[in-house]
Amino acid sequence: MRLYVAPLQGYTGSAWRRFHSKVYGPVAEAYISPFVRVEKGEPRRRDLRDIAPDDCTGYRLVPQIIFRNMDEFNILADAVCSLGYREIDLNMGCPFPLQTGKGRGAAMVGRRDLLEEVAREMENRRDVTFSVKMRLGMENPDEWKGIAGTLNAMPLSHITVHPRTAMQGYGGELYLESFGEFLDSSRHPVIFNGELHSPADCIAVGRRFPTVSGVMIGRGLLARPSLAAEIATGEEWDRDRRIAHILSFHRDLSAYSRERYCGESQILSMLKPFWDYLEPEIGRKVAKRIRKAGSLRSYGTAVSEVR
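Residues numbered from 1 in each chain as written. Predicted model: local features only at pLDDT ≥ 70, side-chain atom pairs only at ≥ 80, totals over all residues. Heavy atoms only, no water.

What follows covers the packing of helix α1 (residues 14-24) against helix α11 (residues 239-260). At a minimum axis distance of 10 Å, the contact between α1 and α11 shows a crossing angle of 140 degrees. Here α11 runs oblique to α1, going by the angle between their axes. The handedness of the crossing between α1 and α11 comes out as right-handed. Here A15, W16, R18, F19, H20, K22, V23 and Y24 of α1 come into contact with α11, specifically with R242, H245, I246, S248, F249, D252, L253 and Y256. (Axes fitted to C-alpha atoms, helices over the stretch in contact; angles between N-to-C directions. Helix = DSSP H or I, 4+ residues; strand = E, 2+ residues; numbered from the N terminus. Parallel < 35°, antiparallel > 145°, perpendicular 65-115°, else oblique. Left-handed = near helix turned anticlockwise from the far one by under 90°. Contact = heavy atoms within 4.5 Å.)

This is the structure we're talking about:
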């Protein structure tokens, strides 16, 4: 199965991606960037900096865009292509009301007319490969059925499906039966995304859905950065090996942040999120000390206790 790394705002930025691929190797088919969006009529500059090609070397990056109309779609597609990319992932899965309330993200599942316009525009961009990352619906896991034909008519390389609704956020049951229906109805390769925390979880997905084309891992990878390598090699790592690689990963991020940013507060704001999902690996007490650290010295002391 192909393995993709999911986009997570505030976590999987260019530095994280670079050093993850360095420490764990080129085990992923691709990393998907956190979405690029329009701000005041133009692509948000910090989003474009995150996908600047010079900072995204050593791995395959697929930029993701989020949009609410054809104007935004074209602005963002043009911006991404101007950087030299010829692959774009369309965000149809973001569950946050700030985006869905404006018709973006998961709300796109209910906007067939706009998706038909997007499909026509794709025909004018034959030099670009498109993919989609989506939810099953806003409130109902069968909402995808209203756009199934439109998706099948699009020239897509694959569709990644998180089998929840937007209203669920990142909790609640996975609608696996609805995912199975989607898989059976899709003429495109389908990637499974959601609640993958161990190699065994990915094996279970493959056994239940033999025709699935791959998996995408996100929060599970933040909590276990070696997960992609373990899945790719079929070898489950012991804790000592996982911790050693986590510390190597953090050393690279720390050196980069200290070189690139000024002031303790700014450096700490870049480093602390690294540990947000790692409490199960490093323990509650150490994780708490890292969160409470108010200086680089106290932060370094806390990190030195990770073992």
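Having seen the model, we can carry on.
The subject of this paragraph is the packing of aromatic side chains. Taken as a whole and judged by the stated rule, the model has 15 aromatic pairs. Pairing Y24 with F249 gives two aromatic rings, centres 6.0 Å apart and planes at 80 degrees, and the pair type is edge-to-face. Residue Y24 is found in helix α1, and its partner F249 is found in helix α11; the two are separated by 225 residues along the sequence. Both residues of the pair, Y24 and F249, count as buried. Joined through ring pairs, the aromatic side chains of W16, Y24, W237, F249, F274 and W275 make up one cluster. The cationic tip of R135 hangs over the ring face of Y170; the distance from NZ or CZ to the ring centre is 4.9 Å. The cationic tip of R241 hangs over the ring face of W237; the distance from NZ or CZ to the ring centre is 4.0 Å. (Phe/Tyr/Trp six-rings, centres within 6.5 Å; stacked < 30°, edge-to-face > 60°. Buried < 20%, exposed > 50% of the residue type's maximum accessible area, 1.4 Å probe, protein only. Lys NZ or Arg CZ within 6 Å of the ring centre and 35° of its normal.)

In the Ramachandran plot, K40 falls in the positive-phi region, its phi being about 55 degrees despite a non-glycine side chain. Judged by relative accessible area, which is 85%, K40 ranks as exposed.

Everything listed is a geometric property; what it means functionally is a separate question.
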